[in-house]
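Residue-level listing of the chains:
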Amino acid sequence: MLRGGHRRAVAGRVDGMVASPPVVVVTGANGLVGAAVCRALVERSARVRAVVRRAGSAPALHGVTEHVGDFADEDLARAVTRGADAVVTTVHPMGSSREVQHRVGVEGTPVLARAARDAGVARLVHLSTAGVYDRSAGVGDVAEDGALLPEGSGDYPDTKNATDAALAQVGGLTTVLVRPPAILGAGDTSVWNTLRPQEVRDGERRVNPAKSWPWVHVDDLAVLVADVATGAVATADDPERGPVPGSTTPVNVAGEPATWRDYLGTVTDALGVAPEWTDEPVWTGQLRTDRARGWGWAPRVSLAQALDELRRGLTAGR
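Residues numbered from 1 in each chain as written. Predicted model: local features only at pLDDT ≥ 70, side-chain atom pairs only at ≥ 80, totals over all residues. Heavy atoms only, no water.

Chemist: Looking at this model, I keep getting lost on the sheet that holds strand 8 (residues 174-179). Mind explaining?
Modeler: Working definition: the strands of a sheet are paired by backbone hydrogen bonds and lie parallel or antiparallel to each other. One open sheet accounts for seven strands, arranged 5-4-3-6-7-8-12; its pairing is parallel. Pairing within the sheet leaves two strands with one partner each, and these edge strands are strand 5 (64-68) and strand 12 (248-252). Ignoring which end each strand starts from, the neighbouring axes of this sheet average 20° apart. (Pairing = 2+ DSSP bridges. Helix = DSSP H or I, 4+ residues; strand = E, 2+ residues; numbered from the N terminus. Axes fitted to C-alpha atoms, helices over the stretch in contact; angles between N-to-C directions.)

Chemist: Explanation requested: the packing of aromatic side chains in the structure shown.
Modeler: One pair of aromatic rings is described through two measures. These are the centre distance and the angle between the planes. Evaluated as defined, the whole model comprises five aromatic pairs. When the centroid spacing of 5.7 Å and the interplanar angle of 70° are considered together, the rings of W192 and W213 count as edge-to-face. Linking W192 in helix 5 (residues 191-201) with W213 in the loop between strand 10 (206-207) and strand 11 (215-217), this pair joins segments that are 21 residues apart in sequence. Like W192, the residue W213 is buried in the burial classification. Relative to Y263, the ring of W192 has its centre 5.2 Å away and its plane inclined at 80°; by these criteria the two rings are edge-to-face. Separated by 71 residues along the polypeptide, W192 in helix 5 and Y263 in helix 7 (residues 260-271) bring together distant segments of the chain. Assigned by exposure class, W192 and Y263 land together as buried. Here the aromatic residues W192, W213, W260 and Y263 are joined through ring pairs into a cluster of three or more. Its end group placed over the ring of W192, R196 keeps NZ or CZ at 4.4 Å from the ring centre. In this structure, R261 is placed above the aromatic ring of W277, and the distance from its NZ or CZ to the ring centre is 5.3 Å. (Phe/Tyr/Trp six-rings, centres within 6.5 Å; stacked < 30°, edge-to-face > 60°. Buried < 20%, exposed > 50% of the residue type's maximum accessible area, 1.4 Å probe, protein only. Lys NZ or Arg CZ within 6 Å of the ring centre and 35° of its normal.)

As structure tokens, then:
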């Protein structure tokens, strides 16, 4: 159900008239998050322009058209945003050199944002990260007004914070910074279901089991992103009720509370190795999701379901 507020209608029935299906651009459409967002958008009858770097890699779904190229190329950015209702950006080369992360995130993403603004796009939904927040030992629960990590905290948080700041400078656009923590979901490129377990297998398994481990399943994350992009979440002057029109609004998204004992315990048990529990001071707060819930979102995938999927994926090849 649509909530009250000021917005450009992009889907559904408005004032007794049927609006045309929304057109949404999705970058990184072949990635774990991008593909899930495409599926969620198609379920909402949206037409998706999937931007990928490799031909033939976009999701093969009805309503999805593939656009091959670099979204930071101004010609491509103008072409894919022309006539679009929303843009969803999911690309940040985590694990690459700082130079590459800066070029793609801090320099490249605003190119697409400016093209979207100039094309009259209603909304930009950017996949940020809860990793931009200070979650040091002693810090309590973290909401959207939580302290951000200072420059020098690492290549990933530094460039993600810088990307968020650069997008906030693109005026005349309603921008939503979606900030998930660890994203669970099956896939070869999944950090937490595939890549991090490989590191655990190789010996990276030391942590205080009491340390908070906020997480969200990729399908639940995609629901929020798709609802915001298609206008199912109305804009509002109060960010607790919806994205603020013409401004930049961060929103946290996370599932039920969990600790590293839950995650690492599951991974090590599935791999047949032993965790190395420590007792150093750690963050034990929670990532607050009151704002997302105020927008009408709630996670559907339980921790037990997500960890069972993780376990089955790790034991399938044993």
